[in-house]
Amino acid sequence: MNKSHARTFLLVDFAPLWLAVLLLVGTFFLISPPRGQTFPGAIPWSPHSLLRVLIDAMSLGGVLFGVRGAEIKETVFQLAASFGLIVLSGRLLVRGDGAGLPRDWSRHPAASSQWFLAAWVGISLCSASWAGDRSLALTQAALHAFGVAWALSLAYTLRRADLPRLLSAIVLLTSVAAALCGWYYHERNPHHRPGFPLGNPLVLAAAMLPAMIICICRIADAVAAALRGDSAPSRRAAVASAVALIPLAYCFALTSSRGATLALGVSLGLLVVIVAGRRTRWVIASAMLLNIAAAGVWFIGYSSQDPTMARGATIRFRLYAWRYAAELWQQRPWAGHGAGCYPRLASQFAAYDRAVDPAAFMGDVVGHAHNELFEIFAEIGLVGGVTWVAGMLAACLAAVRLRRQAPPRERWVVLALLGSFAALLADSLTGVNLRLGGVPALFFTLLGLIWAAARHAAETDASASPALARAPGRSPGASAALIAGVVMGALAAMNAMGVRREYDAYAAIQADDAYSARLIAARAESMLLDPLRKLACAELHADAELGLARFAVEQYAEAAARQTPGAAASAPADLGALRDSAVQQCQTAFDAAEDLLRRSPAFRRVSTNAARAAEWLAALLRAENPRGAAEWHDEAEKAWRRQRLWLKYDAETLLALADYLPTMDERIGALRDALRSVDAKGAWLGALRSLAQQPGFQQTLESMMDYAAPIDPQSEPNAIVTSMAPEMHRVAAAFAGLRGDYVSAASAAARAAALYDKLRVRFPLLYSIARGEQADYLLEGDWRQADRAAETLESAIAALPKIQEQKYEEMLQPFRDRLILCRLAAGRETEAAALLKAGDADAANQAGGDRLADAYVTLVRVFIKRPVEARPPLSDRLEAALRLAPSHLHAWSWLAWLHAERGDAHAVNATLRRAAAVGVTSADLARVRRSLAEQFPAMRESLVGDGDAPPRR
């Protein structure tokens, strides 16, 4: 053999191992955060943080950046599969097809597993012919093909000596990643379940499983050998495994993943059953089944009722997602709805569950079934699903068979492979990790290792196999592998470009550049492979079209507002062109929304886009085409009603739909239903104020209150939910507040809170919201009840769900701000300042003083329009604000307003002179004077001065 031929053999021999190691390195240590950002954390970076330097290196200087920060892991895996096939092609050319394999290899469980999984990919690909969305089926089949191709490339290229080396590499790299996770957790995110460096706690927990099981198997093998008196197994390797297990176990514990914990227990139990004797095996297996059943009862019966940490909600969501997969499968049991169908179709089944249990749904889309088997059955039916199940079982059977054939020194390798693979397989039955980046690389690597070990065990002795001496030459298998590798490489590159364009589309939307977003989103959707992300890009495209329609409508409205009877003759033609352009763009936006809804019914809030575009079309056509305008008005109503069907309590939908409903009780019902997702403020309160001025409102409200009256806290939870009684009490409370009857308003809000208290598992925020509204009515009704209002707010704060630190702070902030007002109303400035400081570390400096002064002014605004006898001493509050922030313009203006209300022009001028002395500008003071002159005309002569328009209050 010449030197060049020897180098070729060496390349073919060593390339698979190094390619697999590089894949693991990329999986654990490469990230793709958004441009100019790093991995998110709650604690700011320290100036000399070494970890920040490492993370910047892990992002490769922003070579690939994405919306989610982990897209590069998918790209690395796809490229590895492509290069793996190319290496396989070279191996087949050098070694020959089927070298060393016995004639009955096709009947081996490992070969059967390969054939079954190849059939799974083929059926997924064929499902595009009957799928509702052909492009999603094709790209999902491509994602399946990447995994199987990578496993096949390892199966036929790895050497026998590479197997323990690759297992050692898994342990080494995973333990380093676990140590980085702990480092990042303590330096940046000590209050959150960690996801670094994989991006998600559940993905990270699953990725820890193979290395943990490999370490346990190696340690157990060393202990068993020591008990037998056999010193052959390396004690040094066992010690190293024990050391590596420390960061692995710590990181795994930090993730607090129940699905991964269950998978670890199942895997270890399976290994114990395999190792145990025949008699004890049945006892252990029975005990495992009983424990699993008991754990299931505990999780569903008790943990699912725990609203804290959102953990019970995740269990309930899984039950819902599993049921949706079953319903999809029942609709087409044999062939399924096509690969990638679940994120497209599942959300339409969630309307009722989302309405009665919104806490279980974290987003507007049910993206995956949280069970790989169920999702596959929904995708390609029983025929295709059986191929996946058979492929996985055959792989496990091959590993069990290997244990009987392997020599004692190599049995720990087989057990480690089987346990690691079984753990990830069990995890996939409660999660979505095989559909995300990171875990698929490990899963299909382990599958390829099992196939490779089975191949080596089945190979004949080299001296007795003339096939090994076959000369290199042309090979149909080599050509097929090479072509498949090139095609997959092109797909991987295309997907990477799609990731970049996806990010650019989101950036364009945020920058309000709808034109660029429309073009980029369409290109990104055509390049991405993940079905859910393709649909998200289609939604971006629909949003961009709506943004362009909004711009066209506004442009036409501005031109029409400038149009005067004496305008030039060409002006009407220009106005008509603008109207035609706006009509065309609104039609395009409506069509884009309808197209996406045809692909994916109930996808997020796309019906809202269709409704808005139809409303604009109705307004544009009302003057010249009343019939067409009426038709578009009907289309808008249909779209709003469709959106309400999928998201029953969406506030935007209900407030818009109230204008279309024919009867007063339906309109009040729409406002009532909106209170499931908002508090009684802002746009909702404005809508109630407008509706309350219409005839028949009060009588209808009283009639609807009579229907809600029998519902009390002792009623069944489902009765409380379906009756909408708590929301009805809140509507009555808001209406009483508008009339100034704050005593009745506070009482009605308290009744609503009492009903919500029984529904806190399903609606964890509504109890606190109702208590907050009760506190508002108490404070606004009588400032002397500030302490009682503060107690009510404290009970609302105590009931907030503690999901994670940042989200909890977001929920807490509005309640804390109201509590500060209560403390200031009660004259407890020190306590208010402490609350402000608790919410903002910078509150102790001058900026904090300004914020406390702002709180004083906000309190004054609450009471300034009340009769004098119903007010607290507002002048004292304003003087306190000026003590904290001497140049606070709004405090000076309200103080002057109080003097003007009494008709004391001298005091007003003296107040404004004091403001000028502390640095308030003359322009600001001039605006204050003009504002006071408009409100108090009798003082105009003494107050009016030079300046601009009066300030807004």
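A quick note: this is a predicted structure, and the numbers were derived from the prediction, not measured. (Residues numbered from 1 in each chain as written. Predicted model: local features only at pLDDT ≥ 70, side-chain atom pairs only at ≥ 80, totals over all residues. Heavy atoms only, no water.)

As for the overall build of the chain
- Helices and strands together make up the secondary structure of the chain, namely 39 helices and 0 strands.
- A separation of at least 24 residues holds for 73% of the contacts in the chain among residues at least 6 apart in sequence.
- For the chain, the computed accessible surface area is about 41,700 Å², with 60% contributed by carbon and sulfur atoms. (Helix = DSSP H or I, 4+ residues; strand = E, 2+ residues; numbered from the N terminus. Contact = heavy atoms within 4.5 Å. Areas by Shrake-Rupley, 256 points an atom, 1.4 Å probe, with all protein chains shown as cover.)

Things to note about unusual backbone geometry
- For the bond running from Phe196 to Pro197, omega is 5°, close enough to zero to count as cis.
- As for its placement among the helices and strands, Pro197 is situated in the loop between α6 (162–187) and α7 (201–228).
- Located in the positive-phi region is Ser256, a residue other than glycine, with phi close to 50°.
- With respect to the helices and strands, the residue Ser256 is situated in the loop between α8 (235–255) and α9 (258–275).
- Phi is positive for Ala602, close to 70°, though the residue is something other than glycine.
- As for its placement among the helices and strands, Ala602 is situated in the loop between α20 (570–599) and α21 (606–621).

Some points on the side chain of Ser607
- Relative to the helices and strands, Ser607 resides in helix α21.
- Judged by relative accessible area, which is 1%, Ser607 ranks as buried.
- Within polar-contact distance, the side chain of Ser607 engages the side chain of Arg642 at 2.9 Å. (Buried < 20%, exposed > 50% of the residue type's maximum accessible area, 1.4 Å probe, protein only. Polar contact = N/O pair within 3.5 Å; in protein donor to acceptor, adjacent residues only side chain to side chain.)

As for the environment of Ala708
- Structurally, Ala708 is set in helix α26 (residues 697–708).
- By relative accessible area, which is 1% here, Ala708 ends up buried.
- Ignoring any residue separated from it by four or fewer positions in sequence, one finds Ala708 in contact with Ala725 and Met728.

Topic: a nonpolar patch on the surface
- A grouping of Leu79, Phe83, Ile86, Leu482 and Val486 is seen on the molecular surface, where their side chains present a nonpolar patch of about 400 Å² in accessible area.
- Counting only elements with at least two residues in the nonpolar patch, the list comes to α3 (71–95) and α17 (476–510).
- Here the nonpolar patch takes 3 residues from α3, the largest share from any one element.
- Locating Leu482 in the fold gives a position in helix α17.
- What makes Leu482 partly exposed here is its relative accessible area of 39%. (Patch = residues over 30% accessible without salt bridge, like charges linked within 9 Å, V, L, I, M, F, W, Y side chains within 5 Å. Salt bridge = Lys/Arg side-chain N within 4 Å of Asp/Glu carboxyl O.)

Observations regarding the packing of helix α5 (residues 134–155) against helix α19 (residues 531–562)
- At a minimum axis separation of 9 Å, α5 and α19 run at an interaxial angle of 145°. Contact residues: α5 offers Ser135, Leu136, Thr139, Gln140 and Leu143, while α19 offers Pro531, Lys534 and Leu535.
- Counted by class, the contact of α5 with α19 contains 4 nonpolar, 3 polar and 1 charged residues. (Axes fitted to C-alpha atoms, helices over the stretch in contact; angles between N-to-C directions. Nonpolar A, V, L, I, M, F, W, Y, C, P; charged D, E, K, R; others polar.)

What about the packing of α6 against α7?
- Running from N to C, α6 and α7 point in directions that differ by 130°, and their axes come no closer than 9 Å. Put simply, α6 runs oblique to α7. Of the two elements, α6 crosses α7, and the hand of that crossing is left-handed. Contacts between α6 and α7 involve Leu167, Ser168, Ile170, Val171, Thr174, Ala178 and Cys181 from the first element and Leu204, Ala207, Met208, Pro210, Ala211, Ile214, Cys215 and Arg218 from the second.
- In terms of residue class, the contact of α6 with α7 is made up of 12 nonpolar, 2 polar and 1 charged. (Parallel < 35°, antiparallel > 145°, perpendicular 65-115°, else oblique. Left-handed = near helix turned anticlockwise from the far one by under 90°.)

A short note on the nonpolar core
- One finds Trp684, Tyr777 and Leu932 to be the most contacted residues of the largest nonpolar core, which totals 143 residues.
- With 122 residues, the next largest nonpolar core counts Leu17, Phe77, Leu446 and Trp451 among its residues. (Core = buried A, V, L, I, M, F, W, Y, C linked by side-chain atoms within 4.5 Å.)

Description of the pattern of salt bridges
- Following the criterion strictly, the structure yields 42 salt bridges and no others.
- The partner of Asp782 in a salt bridge is Arg784, and the shortest N-O contact between them spans 3.4 Å.
- Arg823 is the partner of Glu794 in a salt bridge, and the nearest nitrogen-oxygen pair spans 2.6 Å. Highlighted residues: Glu794 in helix α31 (residues 786–798) and Arg823 in helix α32 (residues 805–825), separated in sequence by 29 residues.
- Within this structure, Arg68, Glu71, Glu74, Glu502 and Arg533 form a network of salt bridges that share partners.

Some remarks on the side chain of Thr139
- With respect to the secondary-structure elements, Thr139 resides in helix α5.
- Judged by its relative accessible area of 10%, Thr139 is buried.
- Of the polar contacts made by the side chain of Thr139, one reaches the backbone oxygen of Leu136; its length is 3.1 Å.
- Ignoring any residue separated from it by four or fewer positions in sequence, one finds Thr139 in contact with Leu528, Leu529, Pro531 and Lys534.

Observations concerning the environment of Trp18
- Looking at where Trp18 falls in the secondary structure, it is placed in helix α1 (residues 3–29).
- What makes Trp18 exposed here is its relative accessible area of 53%.
- In sequence terms Trp18 and Asp162 are 144 residues apart; their C-alpha atoms lie 9.8 Å from each other.

A few points about the confidence of the model for the chain
- Predicted confidence across the chain gives a mean pLDDT of 86, with 89% of residues reaching 70 or more.
- Of the regions scoring below 50 in pLDDT, residues 302–311 engages in 23 contacts with residues more than four places distant in sequence or in other chains.
- Every residue in residues 460–473 is under pLDDT 50, and counting partners more than four places away or in other chains gives 17 contacts. (pLDDT = per-residue confidence, 0-100.)

A short note on the packing of aromatic side chains
- A full pass over the atoms with the stated rule returns 16 aromatic pairs.
- For the pair Phe317 and Phe361, a centre-to-centre distance of 5.6 Å together with 90° between the ring planes defines the contact as edge-to-face. Note that Phe317 is positioned in helix α11 (residues 311–331) and Phe361 in the loop between α13 (351–356) and α14 (372–405), a separation of 44 residues in sequence. For the pair formed by Phe317 and Phe361, the shared burial category is buried.
- Look at Phe590 and Trp632: their rings are 5.0 Å apart centre to centre, the planes differ by 85°, and that puts the pair in the edge-to-face class. One end of the pair, Phe590, is in helix α20; the other, Trp632, is in helix α22 (residues 626–646), with 42 residues separating them in the sequence. Assigned by exposure class, Phe590 and Trp632 land together as buried. (Phe/Tyr/Trp six-rings, centres within 6.5 Å; stacked < 30°, edge-to-face > 60°.)

What to know about α19
- For α19, with 32 residues, the first-to-last C-alpha span of 47 Å sits near the 46 Å given by 1.5 Å per residue.
- Capping of α19 at its N-terminal end is provided by Asp530; its side-chain oxygen lies 3.2 Å from the backbone amide nitrogen of Leu532. (Expected span 1.5 Å × (residues − 1).)

Focus on α21
- For α21, built from 16 residues, the straight-helix expectation of 22 Å at 1.5 Å per residue is met to within 8% by its first-to-last C-alpha distance of 23 Å.
- With 14 of its 16 residues buried, α21 lies for the most part within the structure.

Comments concerning the environment of Gly391
- Tracing the sequence through the fold places Gly391 in helix α14.
- Note on Gly391: relative accessible area 0%, which makes it buried.
- Taking the C-alpha atoms as reference, Gly391 lies 7.6 Å from Trp115; in sequence the two are 276 residues apart.
- The contact partners of Gly391, leaving out residues within four places of it in the chain, are Ser113, Phe116 and Leu117.

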